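Reading the structure
Here is how the chains run, residue by residue.
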Amino acid sequence: MPEPIFLIAPGRSYTSLIGGMIGQHPQVYGMPEISVSHADTIGGVLQTLKGPLEYGLAGLLRLLAQLHDGEQTEETVNAARQWLMQRAHWSIAELFAHIQDQVGDKALFDKSPRTVTNYDNMARLLQVFPNASFLHLTRHPITTCKSAMALRNSFADANKPKRRARINLDPENTWRRAQDNITRFTATLPPGQCLRVKAEMILSDPPKYLAQICEWLGLSTEPDALEAMMHPENSPYASIGPPSALYGNDPNFLKNPVLDMSRLQNIAEPSLDSHLPWRDDGGALAPETIRLARQFGYG
Amino acid sequence: MDGDTDLQFVSVAQGGLGHEGSTLAHAMAWFQDHLYLGTTAPRGASPTDAGRILRFDPKSESWETAHSAPVIETNEEILARLDAQNETLGGKDLAGLTGVTHPTGLAREYGIRALQIFKGKSDPHPCLYAGTMSLFGGGILRSEDGVSFEPVLGTGRHDDSILSFRGLVEFKGRLYTAPAGTATRDKADPNFAPEAMVYVSDDPAKGAESWAPVCEPAFGDPVNRSVFALGVAHGYLYAGTASWTRGFQLWRTDGKGKGLHKWERVLTDGAYRFNHNFSVATLCAFDGDMYVGSGISGLGYDKAHDVGPATAELIRVKPDGSWDLLVGDLRCTPDGLKVPLSAMGPGFDDPYNSVMWSMTVHEDALYVGTQQWEPFDTALHGDGSPLTGGYQLWRSRNGGDWEKVIDAALGRVSATGLRSMQSTPAGLFLGTSVHPKLLRILSRKSGAVTPALNADKNGFEVLLGS
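Quick caveat, the model's predicted, so the values are computed rather than measured. (Residues numbered from 1 in each chain as written. Chains lettered and ligands numbered in written order. Predicted model: local features only at pLDDT ≥ 70, side-chain atom pairs only at ≥ 80, totals over all residues. Heavy atoms only, no water.)

**Observations regarding the overall build of chain A**
Within chain A one finds 14 helices and 5 strands. Overall, chain A is about 50 × 50 × 35 Å in size when its C-alpha atoms are taken along their principal axes. For chain A, the proportion of its 299 residues judged to be buried stands at 55%. Counting contacts in chain A only where the partners sit at least 6 residues apart, residues at least 24 apart contribute 78% of the total. In the form shown here, chain A has an accessible surface area of approximately 13000 Å², with 50% of it arising from carbon and sulfur atoms. (Helix = DSSP H or I, 4+ residues; strand = E, 2+ residues; numbered from the N terminus. Buried < 20%, exposed > 50% of the residue type's maximum accessible area, 1.4 Å probe, protein only. Contact = heavy atoms within 4.5 Å. Areas by Shrake-Rupley, 256 points an atom, 1.4 Å probe, with all protein chains shown as cover.)

Dropping the structure here:
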C-alpha cells in the first residue's frame, strides 16, 4: 500500500484549497479533516471531540459515510457514528488500515489542522506511518491571522460587541505555536521525508508547483493528473455536509471550492512590520514570529 | 567514488606558529615555490595580536615570517572601535582570554584575510597581494619579492570604516575585491561591510586611486548587506552576498565594458532556502562549473540578526546559469524541484556543519572544508561528557558523490574550522581554526574539559596532505 501523505500547517494556510487539489490526484485519496492524530484510539477521538468540539468529528463521519455507504446523508453519517462507537477500542492505526482498505491503492491524504496543535500529534502519526510524507505548507503570518480573524468573526454573535483577540487567542500566537511544533517535528525527519513550501508560491502557478510536489511524492506528473488537481470541487467532500456533519473542512472552501486563478495570482505578502489589524494596541509581530517568517521566506 | 591514493596528513605548523592568539589560518597562496599563509588573531586587542604573512618552504620544511604588522599608536577613536569589537566578540564571556585593556599601541592589522597573486600594470612580474583586517581600516599589502610587504591601500587612504578586504580575485587581467566587516566606534562587525560592493583595479600598486566600483551598492537590492565571496568560473566573475532577511544572492558578470559592469543575478533568496542560506561563504570553479558553499555567521546561529541554527549547503551553477543542489534541503523552486544530488541533507548530513568554509581543487578532485561547531555546543550546553566534533574535509570528483576525507578534525576537538586550503606541488595544505582556550572557558559550567583539551595548545594548525 502507498504511504500516506500528511499536510501540516496552521489553519488558514490555504490548506483546504491546496489540500483539495492534491487530494484530486488520481493516485491520491483526499480525505476531509479526520482529526484523529491527537488520540491513540477511536474512543479517545470520540471522547475529545464532543460538546463544543464535536464539529471536529464531521470530517471523519463524512469520510466513513462516503466509504461505507457511497453517500453523505444524515442517515449514513449517523451510521458512521455508530460504527465508530462500536469500535472505540480500535487503535488509530487500525482505523487508518480500515480506511486504506476502503480506498484501495490510493495514497491517503489528510490535512487536519488539529495535527499541528501539538508536537505529539505529528509524532504519533510518524509512529503509525514511519515512512509517511509530510508536506509543510506555510503562509505569511499576517495574512494567515487576518484570515483567522475573519473566520472567527463570521461565527461571532452579531448582537455582541466585536470580539477582541485575547492573548491566548491571538492568531499570531496560534500561528507561531503551530509553526514551532512543525519545525521541531520536521527537524527530526531524515532528508526527503518532509517538503516545506510556501502556499503563495504554489498558488502563483499551481500546475508548476503541484507537479514538483508530485515529483517529490513519486506521483504521476502527466497532464491528465495535473488537470484533475485543478478541480478540487470534484471531491465528494467539497461541499457542505448533512446537518450532523456540516463541515469537515473550511466552510468558505466548502461553499466555493472552485479555483479562482485571477484572485489567487494576486496574493500579497505584506511587510513583516505592517499594521496588525486584529490588534488594537498598535503592536507589531513578535521577534519570534518574524524569525520564523523569514526562515519561511517572508518579509 | 573511484579510488585514488588517500592523502596522509601531517602537521606542519601548530600553536599559531609562535602566537597562540593567532587562532585562524585565514588565507593561503602558492608563490615563488613557497606556501604563503595569512594569519589572523581575531581578538585584535593587543600589540602582539598582529596579522602575519608566514611562508613555508616544503623542501626545508621550515617557516619564516615574511610580514608582521607594525604597531601603531592608538587614539581615542581606535580604542572606541576596540571596545565595540570586544563587545561584538562576546564581551565579558571572553574577557579572560587576553585581559583586554586599552593598549597604547595596536598592530596595524590583526589579520590577513586574503592572498592573491596578480600582475598589475605597474608590476614588473606577478606580485603577492594581501587583504588585511584592521581597526584602523582594512587595507591591501603588496610584495614583489615575497619578503617585504608594503601597503598599497591602507589607513586613511580610503573609507576606514571598512574593516577588511577579502575575495581578492583575478579576472580578465584585473584585480577585484570586496570590503568585509565594519570598524567604527558604534559598530563592529567582522563580516558585514558598511556597504555591499565590489571594486576593481588594473594597477593596485598605484593605491586607492586605482580602485573603482564595478557594481551598484548592494547590486541595487538593499537586502544584500555585504559581499561575502568572489570567484571566477566559465568566463564570469561571481559575487556572493549575505542577507539576514532573505538569504544570499549570487551575481555574475562577464566584466566587459568600462565603468560599472553589467551584472546578472543567478540565484536569489538563498537559492529559495531563504535566510537559512544566510551567505555565500565560498566559491570555487571545478570541472567547468561554479561551486557555491553557503554558511552562517557565528556558531550556527547569527545572534545579531536572530537567524538559525542553520546548516550549510552546497550548490553547483552551470555556465548557462542553471543550478543543482548537491548537499542540502529538498525544496520547490521556480527552477524546478531541487533534490540534493548527493542524497545528503545540509551540512553533509551533519547539523553542526554551519559553513562550507573553504574549497579548492587538488588532483582533479574538489575539496570542501567545514566549520563544525559541535564542540562549542557541547561545551556550552553539554552534560559534562567529553567534547566531540571538529572540522570535516570532504572530497568529490563529480559533485554528486562525496567522501569524507577527514572527520572530527583528525581527533583534535578544538580544531573547529577548516578555513583555508591550497593545492601545491608539495601537496594539499589545510589551514585551521583552533580554540582550546575558548572551549575551556565555555566549558566552565558544563565541566566538559578533558585532560587532552587542557593540554591542547591554542592557535591555528597547518596540515599538509600528500
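**Focus: the nonpolar core**
In this structure, I18(A), I213(A), L267(B), I315(B) and V317(B) are the most contacted members of the largest nonpolar core, which totals 55 residues. Take this core: its biggest share by element is 7 residues, from helix α10 (residues 206-217) of chain A. With residues up to four places along the chain from it excluded, the contact list for L267(B) reads F248(B), Q249(B), L250(B), I315(B), V317(B) and W323(B). With 43 residues, the next largest nonpolar core counts L49(A), L57(A), I92(A) and A245(A) among its residues. (Core = buried A, V, L, I, M, F, W, Y, C linked by side-chain atoms within 4.5 Å.)

**Considerations on helix α1 (residues 15-23) of chain A**
Working note: α-helix, 3.6 residues per turn, so residues spaced by three or four point in the same direction. Most of α1(A) sits inside the fold, with 9 of its 9 residues counted as buried. When we look at burial in α1(A), the residues that qualify are T15(A), S16(A), L17(A), I18(A), G19(A), G20(A), M21(A), I22(A) and G23(A).

**Remarks on the interface of chain A and chain B**
Each partner contributes to the interface: chain A provides 21 residues, whereas chain B provides 19 residues. A combined buried area of about 1600 Å² lies between chain A and chain B, and 58% of that area is made up of carbon and sulfur atoms. Of all residues in chain A, Q212(A), R291(A) and R294(A) bury the most surface against chain B, accounting for 32% of the area lost on that side. Taken together, chain A and chain B are joined by 1 salt bridge. (Buried area = accessible area lost by both parts, 1.4 Å probe. Salt bridge = Lys/Arg side-chain N within 4 Å of Asp/Glu carboxyl O.)

**A look at the packing of helix α6 (residues 119-128) of chain A against helix α8 (residues 171-186) of chain A**
Residues and elements named next belong to chain A. Relative orientation of the contacting elements α6 and α8 amounts to 35 degrees, with a least axis distance of 9 Å. Viewed along their axes, α6 and α8 form a crossing whose handedness is right-handed. Residues Y119, M122, A123 and L126 of α6 form the contact with α8, whose own contacting residues are N181, I182, R184 and F185. Split into classes, the residues belonging to the contact of α6 with α8 amount to 6 nonpolar, 1 polar and 1 charged. (Axes fitted to C-alpha atoms, helices over the stretch in contact; angles between N-to-C directions. Left-handed = near helix turned anticlockwise from the far one by under 90°. Nonpolar A, V, L, I, M, F, W, Y, C, P; charged D, E, K, R; others polar.)

**Regarding the packing of aromatic side chains**
Applying the stated criterion across every chain, the model contains 24 aromatic pairs over all chains. Positioned above the aromatic ring of W90(A), the side-chain terminus of R87(A) is 5.6 Å from the ring centre. (Phe/Tyr/Trp six-rings, centres within 6.5 Å; stacked < 30°, edge-to-face > 60°. Lys NZ or Arg CZ within 6 Å of the ring centre and 35° of its normal.)

**Points about the packing of α8(A) against helix α14 (residues 287-295) of chain A**
When two helices pack together, their arrangement is captured by the angle between the axes and the distance separating the axes. Residues and elements named next belong to chain A. At a minimum axis separation of 10 Å, α8 and α14 run at an interaxial angle of 55 degrees. Relative to α14, the element α8 is oriented oblique. Here α8 and α14 pass one another in a crossing that is left-handed. Between α8 and α14, the residues in contact are E172, W175, R176, Q179, D180 and T183 and E288, T289, R291, L292, A293 and Q295, respectively. Here the residues of the contact of α8 with α14 sort into 3 nonpolar, 4 polar and 5 charged. (Parallel < 35°, antiparallel > 145°, perpendicular 65-115°, else oblique.)

**Notes on the pairing of strand β5 (residues 62-68) of chain B**
All names here are of chain B. With 6 bridges joining them, strand β4 (residues 52-57) and β5 adopt antiparallel strand pairing. Note that in β5 the partner of R55 across the bridge is E64. With antiparallel pairing between neighbouring strands as the criterion, β4 and β5 make up a hairpin whose turn holds 4 residues, including E61 at a positive phi of roughly 55 degrees. (Pairing = 2+ DSSP bridges.)

**Quick word on the side chain of D377(B)**
With respect to the helices, strands and loops of the structure, D377(B) is situated in helix α4 (residues 374-381). Residues within four places of D377(B) in sequence aside, it is in contact with Y352(B) and G382(B).

**What to know about the pattern of salt bridges**
Two side chains bearing opposite charge may form a pair once their charged atoms approach each other closely. Evaluation of the coordinates by the stated rule reveals 32 salt bridges over all chains. Across the pair E76(B) and R185(B) runs a salt bridge, and its minimum N-O distance is 2.6 Å. One end of the pair, E76(B), is in helix α1 (residues 76-89); the other, R185(B), is in the loop between β13 (174-183) and β14 (188-189), and 109 residues separate them in sequence. A residue is classified by how much of its surface remains accessible, and E76(B), at 53% relative accessible area, is exposed. Between R252(B) and E264(B) there is a salt bridge, with its nearest N and O atoms 2.9 Å apart. One end of the pair, R252(B), is in strand β19 (residues 250-253); the other, E264(B), is in strand β20 (residues 263-267), with 12 residues separating them in the sequence. For R252(B), a relative accessible area of 2% translates into the label buried. For E264(B), a relative accessible area of 35% gives the class partly exposed. Residues joined in a network through salt bridges with shared partners are D170(A), E172(A), R176(A), R279(A) and D281(A).

Function cannot be read off these values alone, since they describe shape.
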